[in-house]
Structure formats: C-alpha cells, structure tokens
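# Observations on the model geometry
Listed here are the chains, written in short residue letters.
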Amino acid sequence: MKLWMLFIPELYCLLMGVVFFGLAMVARPNPRRDYFVALLLASIGVVVALASVKLEGSLFFEAYRVDLFSQVFKVMLAMGFFLVVCLCTELNGIEERHHPEFYLFLTTCTLAMMMLVSSVELLTIYVALELSSYSLYILVPLRRGYGIDVEAGIKYLMVGATSSAVMLFGLSFLFGVTHTTYVVDIIHVLPNVIGTPAAILGLLLTLCGFFFKLAVFPFHFWAPDVYQGAANQVTAYIASASKVAAVAIIIRMVSLVGGNSQYLVDVLVTLSIASMTLGNLVAIVQKDMKRLLAYSSISHAGYVLIGILSMSPTGYASAIFYALAYLVMNLCCFLVVVKVAQDGSDLKIAQLAGLHRRSPILAMALMLAVFGLAGIPPTIGFTGKFLVFTAAMEKGYITLVIIAMINATISLYYYIMVVKAAYLLEPDVAQPQLAVSVPTKVLTASLVAVMVVFGVFPTYLLEVARAAARMLL
Amino acid sequence: MEFANFPFLSAILLSCVVGLLVILFIPDERKMLIKWVSLVFSGIAMVLSIYLFFAYDKTKGGFQFVEKVLWVKSLGINYHNAVDGFSLPMLMLTGIVLFTGVLTMWELETRVKEFFAFTFLLVAGVFGVFMSMDLFFIFVWYDVSLFPMYPLIAIWGSTRKEYGAMKLTLYLLAGSALILPGILYLFVNSGLNTFNLVTLMQPGTFTPFQQKFAFILLYLGFGILAGVWPFHTWSPVGHVAAPTAVSMIHAGVLMKLGAFGVLRVAIFLCPEGWQYWAQLMAVLATCGIVYGAFVGLAQTDLKYVIGYSSVSHMGIVGLGLATVTVEGMNGAVFQMFAHGVMTALFFSSVGYIYDKTHTKMIPELGGMSKTMPVASGYFIVAALAGIGVPCLASFWAELLVFISAFKTYPIRGALAICALVVSALFMLRVVQRTFYGEKRDEFDHLPDVSFGLGIPRMILVAVIVFFGLFPSVMIDVIQVASIPFINGLP
C-alpha cells in the first residue's frame, strides 16, 4: 500500500472541490445538474470514507495521523455531507448561479474537517480549523436576500476570528510549556506540567477555539443568529457535521492531559452545566424552529462535554457515540425543516401546525427526532445520554448527572412544543398536502430506522466507538 | 442465552409491538379493521398474561419463565425477563385493562390509527417494566411507557387537556431524572459491571450508606409516578384530561408502574435503605390517604373525584410497602391489582356517561340510575369496591394493609382508617347525587350501555368480584414472593 492512499478521503474531497470549481466557471446556471453531480459525488464520498476506515499510519512528518479514531469521524463527516446534499433538491435559499459555489464551500469545509480530525500537530490543527471556518464564513451570508444573512455572517466572522485569536494565544502557551507542537510529544510532557498555571491556561485558551465550533457557553452567541440567518441547508451542515468535527478535536485535546487535572475537570463541568442550562432555558421561549435547534445544540454541547470531561476511555467512547447520535437526529430535524419550508425561508414552529395531516411520515420523523434529542428511549439519543451519564457516574460525578437529567427534563418542554405543533395544532388557513418524493421518503425512513435500530441495538456502534477511543491513549 | 420452552413473556411484548407495527401499516380509513386488529393483539396479550398467572409454579417459587439474552456485553446489559409473585398480578392487570380499554374505545372515530398505535406503544412499555429483570431495560421500558401519554392526552383528551398532558409528562420525566442517576449509581458502585437485578440484589453488594442514598433517589423518582403525596398533583389533572381508555390504562396500570418500581428496584436492591426510610414512606403515604380523601370530598367533577380517590388508594399501597411486613407487602401488591381494576371500571363507566351527556359535573347530572341504569350500576359497583365493601377485591387488600399498618405504626394506621371513613362518605355522596335524586329530563333520550359496550365493564366487575370471593388465589401467589423476601432481609 502506498503512503498516499492514507490520504484518499481527503484527496477525494479535494477532487470534488475541483469539480465544483469547474462547474462554477460554467456561465449558465443549471441547478439540477449541480444537484445530481453533488449527490453522486457525495455518495461516492461516503463509500470512499467507509472503504478507508481500516487504514492506519501517519503522514507529513508525523503531523497527520490516520487511525480508527480519525477514520470513524471521517465517515461521519462524509455521511453528514452526503445527507446535507440530499436535502438540496430545492435549494431555494440560495441563488441559482451560486449553487456550484455552495457545493464547493461545503466540500472544502468537509475537507478541512477531515483534516482536523486527523491532525496531531498544533499548527496543522489550526490551519485545518481555519479552513473549515472560512468556508463557513462564506456559506452563511450566501443566502438569498433576507437581510438577516449579512448580520449572521458578520457575527459569525467576528466571534470566530476572536476565538481563533484566543486559541492562537493558547497555542503559544502550550508550545512554551511543552517545547513542541506535536501532540504525540505533548501527551508525554503535559500530564507532568498540567499543574502549572501556564499549561492549564494554554490548554483552556486552545480549547476556546473548539468550543466556539461546538457553541459551548460562553462561545455560543453566534449560534442562534447564524442558525436563523444561514440558508436551511447550510444550517443543517453547521449543526451536524461541524459539531461532529468539533467533538473530535476537543476529545483529542482533552485526552492530552492524561486524565489527572482536577482543575480542567472543574472548568469543563462548569461550562457543561452552564451550556446545558442556558441552552435549555432560552430554547423554551423560541418561536423559530432553527433558533430553537440552535439553543438545543448549545445544550447538547453541554451533554457531550460530560462524556469528555470524564477523561476515561468509556467517556471518550460515549462522546463519540453521542456525536454520531446527534448527527443523525439533528439531520432528521433539518430534513423536516427543509421539506416544510420548501421556499427556503425560515420555519416558525407555528408553521408546523397540521403536519401530521400534511405529511404523516415527516411528522413521525420529527417526533422521533425531537424525542431522541430529548433523550427518550428507544431512540439513539437516549442511548447516547445513557452512555455519557454512565461514564460520568464512573468518575463519581453524581451531582453533574442529576443536573444533566433535570436539564433533560426541562428540554422536554420545548421538544414537546414542537411535537404539539406537528400533531395537535391545526393551521389557521388550510395548507395543502406536502409533496414528499419517494427518495425523500426513503431517506426519512432510513434516518428513522437508524435512530431506532441503533437505539435498541447499540452494541455494534458502541464497540466501534470504544475501539476508536482506544486509539487516543 | 436461556429460554423457557416457550418465551411467553417475549410473546406478550411482541403481541404489543407487532400489533403496533400492523396498525402502522393499515390505512387511516380502515377504522374498523384497526379496532379489530387492536382487539386481537390485546386479547392475545391478556390471555397470555392470565395463563402465566395460573401456570406459575407456586411450590417452586422464585423467578420463573426466565428469558435471558446478552444485549450489550461491555456494559453488562441483558435482555432478561422473568416473573415472580409480585409481577404476575401486575401483568394480568395490564392485560385485562388493555383489553377492556380497547373495547371501551370502540366508538372512537377521530384519528383511530394513531390512538391505538400510541396505546400499544405505551402498553408495551408497561409490560416491559413488569417483566424485566435488568435495570437498563426497566428504565427504557419505563420511559417508553411515559412519552406516549403526551399525545394520547393532548389529542384525544378533554378539560384543559394540553395543560394536563404537559404537566403529567414533565412530572413523570422529572421522576425519571432521579431514577437514572439512582440506577447508574448502583451500577457503578456495585463494581460488578452488570445491570442484572438478580445479581445486584445479592446481600452485601452495597454498603448501608449506598443503599440509603440510592433508595431515596429511586423512591422519589418512582414515587412521583405512584402518586406519592406531595408529588401527586399531576395525577388528578392528568386523569381528568385523558380520554377514557387512557384514563383507565393510566390510573389502572401506569400508576402501579411507579409503585412496582419502588418495590422492584428500590426495595429489592436497597433493603436496608428501605428499612431506614420506612418511617418517611409511612408518613407520606398516610398524608396521601388523608389528603386524597378530604380533597375528594370537595370535588364536583366526577373524574376529579376518582382522581383524588386514586391518590388516596395509592397511599394505601405506599403504606403497605412502608410496613416492612409480609402482610403489608401482600396487601400492597393486592391493592395495586384491586385498585387497578376498580379505577379502570370507574373511568370506563364515567367515560360512557360523559360520552353521552357531555358533562361530568356532578351538579349537572342527577338521577342517572333512572336514565342509564346499567351504566350507573357499573359505577356503583366501582364505588362500593373503592369504599372497601367485603366480597370485592379491594376489601381484602385494604384489610391486609391496615392490619399490618396498625401493628407497625398505630397512630398513622389509625389516621388512615379514619380517612377511609371519609372516603366512604365522599363516594356515597357522589353516588347519591349523581345517580339517585331528581331525574333530569334532558338525558331521557340517551341510550344506556348496550351489551357490546358492556362487555369490558362486565369483565372488570367479574374480576373484582372473583378476587373478592377468592382472595387466596391472589394472596397465595404474592406470598410466594413476599415471604422469602422478608425472611431474607438483613
């Protein structure tokens, strides 16, 4: 096997980017052609990522490691990308002549995130992170004139740039303390010096950059506006794939400590509780579906952190599982958002009224997805929460688990409001049936099946997650 | 993997799950077909659960009909079903209430498919909790049985249905917010890496402190669903808002889920915690009994009356469990069964009256025994059972609980018995005002319960009378579990 083959998923992404770049050069816009090209390429991308899941090795002077941990996340990213492309049948939120660019930047963002999960050198991490951020900075304001898109774009850029600056500052501390930028070396040095203020400060400031991606409190300010302001498909991408990559890199960074820093744990516990509570409480008053999902994502960032701060292999495995669960559930929610708001506008929760009549399958998918987000069995969301809480409990954080469970109960209120809108309320003006095409039905059904089947039979995914987590240590 | 010659317990679960799937694939318009499918599958579940009750080998005792499949190895989770003397009455109760509930909703016309689909999901969860021997599965089934309540009440209910549904769901899931940490606490501290209840309940697995701590989490968590005072406020509101069959299943079976959870999880795993907290349990239970009786006295809505009497009756279950005696446990489990059947009958007959007259306010009714003699008859039987008239099932249950409570906690026992007199008073007042007295002409044209619609009520009456006349059939089974358990206490 040649060394370059380790790089195949990324190379493939690059190739896709080139194709879309070429399409962007063509003078006459043709949305259907763009869509089918994207769909075809993205589905091959999933296959490529799956095929390379067993690869192992390192590249670029040890700055880049390919192992099960990174490959599992690459599969998730490729799937996330594919599913988001599936939602683009009516890409009405974005002007037709910009469609190739839209796909292009989605691709570069996926590429960057794939690189992010494989990077084991601080500067490479930084470059990958910035590439993904810059792609998103462009994607957000790409939306067709709603006015709010520019505000969202600027907000995203400002918060993102600030957190990048903070992160670079943190990286400099880390380098100063450990005299290396290689994660492999840091992992040996850092546990010995983690007690010193410079090391802990450096690590925390570094984490800030990733917390921004994950929308952890206090770096969450961008989330509601960006979710609402970006086109629905872009939001779906930010909410799913981008979060998964952030989880991966946070796991990577936290695992550097080797699990013996009470101070770091305290900080993460605080952030986790603050994220959950803030996200859940503010979500209660939201009227816009995407804003609601934004606040729910803030609270879910808190739940993921619980798994990560357990700093044990089971904890990391539970966080990986949770990330996957979150990806599926969230994409299922966004599928409904995209299909109900077919003109590409924002979706008010009230607009879901009568959905059970307009499209029973979408209503059912929405109900399962939001109950999954709320952590109700037998969905994958429950299994994720269960694993995360078990990991925390093994470390004896019972108060944290109780607080998280109370938060899950609070969150149930607004999730139920969504279900209520879909199943109970009737629209003021009679709405026509939603035309749901057969491929969409298949997609919805398979997402629902994944949510339920892996919720009931988690063994396989759990073993994969555990094997991936073992790669870190 | 371990299987009895025929997996009866899984068959019960499957009858619900398959029923659910079949219903999902029937088009909405085929309402009759959906009802028949529901009836058939609920009938299978009922027959199997009754069969199990009588097929259980009382001389051998212990857990029988064991089914065990490894589920998640790394976490020690097994799909593990078994029954003992505590769970058999509950399974039978669920089977009966489900079947009669389906029959009671025979006249439902709006969104039939969704109604029965949600109902089967709910009941699958209930069966699952009663038969599961694995903490993980108990929790999963427990939550599965809770969340369908929201749509069931909010879509088909009445009287502030959305408020009632939301309150109920949030309360109950707040309960599970205490249960899951409790379960995980026990799982982690056992050091055995298993969720298996039978393994974990070996004496010496947990220190006394751990037991005390976990017990209070689990007791409060499950207690919310059991309507333990002061966490009962969701229950009357929820019962009133729910449609008839859901009220039946809910008050009849779902509240028992809470009490059963206290018994199966909290008491089984933390017996020392149980003895430690028994005083508190007795106080809360007595408060519930007295409070339910007095508040019931002031209600003018028939369903609220039943709702508060449920709080009172579930207090009796709690009091029985708090005595830490064989009689007390027997009485508590018997009361769970008796109360379940009785409330189902209550809600079933009130549901009929409400469907026809469109009111359940006591002052607006009156003289119903003349317009609807049969429907009134069913209600009156239920009321008599509620009062604790001899020859009806509740009598024996209440007797057992009160005798043991009086021995263990004389003052609280006496208070509870006094409250029983109050509850007799309010039941009789309700019966007198609603069914006797001045006949109202506006209800004259309304039809009485037909034979077909009467079948579910007849089944329930027959069960109440049967176990009232032959209480030993029930007590013998419960004893098989309770005597060894009490003797095995440290």
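Computed from a predicted model, the values in this text were never measured in an experiment.

To continue, consider the overall build of chain B. The number of helices and strands found in chain B is 20 helices and three strands. Here the C-alpha atoms of chain B give a radius of gyration of 21 Å, agreeing with the 23 Å that 2.2 N^0.38 yields for 490 residues. With 490 residues in all, chain B has 62% of them scored as buried. The long-range fraction of contacts in chain B, counting pairs at least 24 apart against all pairs at least 6 apart in sequence, stands at 80%.

Summing up its helical and strand segments, chain A has 20 helices and two strands in all. By the compact-globule yardstick of 23 Å for 473 residues, chain A fits well, its C-alpha radius of gyration being 21 Å. Taking the principal axes of its C-alpha atoms as reference, chain A extends roughly 65 × 55 × 40 Å. The burial tally for chain A puts 61% of its 473 residues in the buried class. Sequence-distant contacts, at least 24 apart, represent 81% of the contacts inside chain A between residues at least 6 apart.

With that out of the way, let us pick up the interface of chain B and chain A. Every contact between the two is made by 21 residues of chain B and, on the other side, 25 residues of chain A. At the level of elements, α5 (135-146), α6 (149-156) and α7 (161-190) of chain B are the ones that each hand at least two residues to the side of chain B that touches chain A. The element contributing the most residues to the side of chain B that touches chain A is α7(B), with eleven residues.

This brings us to the confidence of the model for chain A. On average, chain A scores 86 in pLDDT, and the residues at 70 or more come to 99%. By mean pLDDT, helix α7 (residues 183-193) of chain A is the weakest element of chain A at 78, and helix α13 (residues 289-309) of chain A is the strongest at 91.

The next subject is the environment of Thr408(B). Summarising the element assignment, Thr408(B) is placed in helix α17 (residues 393-408). Separated by 86 residues in sequence, Thr408(B) and Ala322(B) place their C-alpha atoms 9.2 Å apart.

Take unusual backbone geometry next. Backbone torsion omega between Phe217(A) and Pro218(A) reads 0°, so that peptide bond is classified as cis. Counting through the fold element by element, Pro218(A) comes out in the loop between α8 (197-214) and α9 (222-229). Residue Pro230(B) is reached from Trp229(B) by a cis peptide bond, and omega for that bond is 0°. As for its position among the elements, Pro230(B) is in the loop between α9 (208-225) and α10 (234-241). The phi dihedral of Met311(A) is positive, around 50°, even though this residue is not glycine. Mapped onto the elements of the fold, Met311(A) is located in the loop between α13 and α14 (313-340). Overall, the presence of 21 C-beta atoms within 10 Å leaves Met311(A) in the buried class.

Our focus in this paragraph is the pairing of strand β2 (residues 64-72) of chain B. All names here are of chain B. Summarising the sheet, β2 and strand β3 (residues 77-83) pair through six bridges and their orientation is antiparallel. Bridging from a neighbouring strand, Gln-64 pairs with Val-83 of β3. A loop of four residues connects β2 with β3, the two strands running antiparallel in sequence, and Gly-76 in this loop sits at a positive phi of about 65°.

Here the focus is α9(B). All names here are of chain B. The end-to-end C-alpha separation of α9 is 26 Å, in line with the 26 Å expected for 18 residues at 1.5 Å each. Among the residues of α9, those classed as buried are Gln-211, Ala-214, Phe-215, Leu-217, Leu-218, Tyr-219, Gly-221, Phe-222, Gly-223, Ile-224 and Leu-225. Check the buried side of α9 and you find it contacts α7, α11 (244-269) and α12 (271-297). Phi turns positive, to about 70°, at Gly-227, one or two residues after α9.

Let's shift gears to the environment of Cys333(A). Note on placement: Cys333(A) falls in helix α14. Between the C-alpha atom of Cys333(A) and that of Val370(A), which follows or precedes it by 37 residues, the distance is 7.2 Å.

Helix-helix packing is described using two parameters, namely the angle between the two axes and the distance between the axes. Residues and elements named next belong to chain B. Running from amino to carboxyl end, α12 crosses helix α13 (residues 302-322) at an angle of 160°, the nearest separation of the two axes being 7 Å. Compared by their axis directions, α12 and α13 come out roughly antiparallel. Between α12 and α13 lies a crossing whose hand is left-handed. Across the interface between the two elements, Ala-278, Met-281, Ala-282, Leu-284, Ala-285, Thr-286, Gly-288, Ile-289, Gly-292, Ala-293, Val-295 and Gly-296 from α12 touch Val-305, Tyr-308, Ser-309, Val-311, Ser-312, Met-314, Gly-315, Ile-316, Gly-318, Leu-319, Leu-321 and Ala-322 from α13.

All names here are of chain B. Among the secondary structure elements, Lys-303 is positioned in helix α13. For Lys-303, a count of 26 C-beta atoms within 10 Å gives the class buried. As a C-alpha pair, Lys-303 and Ile-475 span 172 residues in sequence and 30 Å in three-dimensional space. Sequence-distant contacts of Lys-303, defined by excluding residues within four places in its chain, comprise His-239, Val-240, Val-350 and Lys-360.

With that out of the way, let us pick up the confidence of the model for chain B. Mean pLDDT over chain B: 86, with 99% of residues reaching 70 or higher. Here the complex is predicted with pTM 0.90, and the ipTM for its interfaces comes to 0.86.

Before going further, it helps to examine α11(B). All names here are of chain B. The first and last C-alpha atoms of α11 sit 36 Å apart over 26 residues, in line with the 38 Å expected at 1.5 Å per residue. Helix geometry: α11 is bent most strongly at His-250, by close to 35°. Of all 26 residues that make up α11, 25 are buried, and the element is covered over most of its length.

Moving on to the nonpolar core. Membership of the largest hydrophobic core comes to 392 residues, with the highest contact counts inside it found for Leu366(A), Val341(B) and Ile464(B). Take this core: its biggest share by element is 22 residues, from α14(A). Discounting chain neighbours no more than four positions away, the residues touching Val341(B) are Leu93(B), Ile96(B), Gly252(B), Ala393(B), Leu460(B), Val463(B) and Ile464(B).

This paragraph deals with the packing of helix α4 (residues 112-131) of chain B against α11(B). Residues and elements named next belong to chain B. Relative orientation of the contacting elements α4 and α11 amounts to 25°, with a least axis distance of 10 Å. Classified by the interaxial angle, the pair formed by α4 and α11 is roughly parallel. Pair α4 / α11 crosses with left-handed handedness. Facing Thr-119, Leu-122, Val-123, Val-126, Val-129 and Phe-130 of α4, the residues of α11 in contact are Ala-245, Ile-249, Val-253, Leu-254, Leu-257, Phe-260 and Gly-261. Considered class by class, the residues forming the contact of α4 with α11 number eleven nonpolar, two polar and no charged.

Thresholds applied
- Residues numbered from 1 in each chain as written.
- Chains lettered and ligands numbered in written order.
- Predicted model: local features only at pLDDT ≥ 70, side-chain atom pairs only at ≥ 80, totals over all residues.
- Helix = DSSP H or I, 4+ residues; strand = E, 2+ residues; numbered from the N terminus.
- Rg over C-alpha atoms; globule rule 2.2 N^0.38 Å.
- Buried ≥ 20, exposed ≤ 12 C-beta atoms within 10 Å, placed from the backbone.
- Contact = placed C-beta atoms within 7 Å.
- pLDDT = per-residue confidence, 0-100.
- Pairing = 2+ DSSP bridges.
- Expected span 1.5 Å × (residues − 1).
- Axes fitted to C-alpha atoms, helices over the stretch in contact; angles between N-to-C directions.
- Parallel < 35°, antiparallel > 145°, perpendicular 65-115°, else oblique.
- Left-handed = near helix turned anticlockwise from the far one by under 90°.
- Bend = angle between axes of the 7 residues up to and from the residue.
- Core = buried A, V, L, I, M, F, W, Y, C linked by C-beta atoms within 7 Å.
- Nonpolar A, V, L, I, M, F, W, Y, C, P; charged D, E, K, R; others polar.

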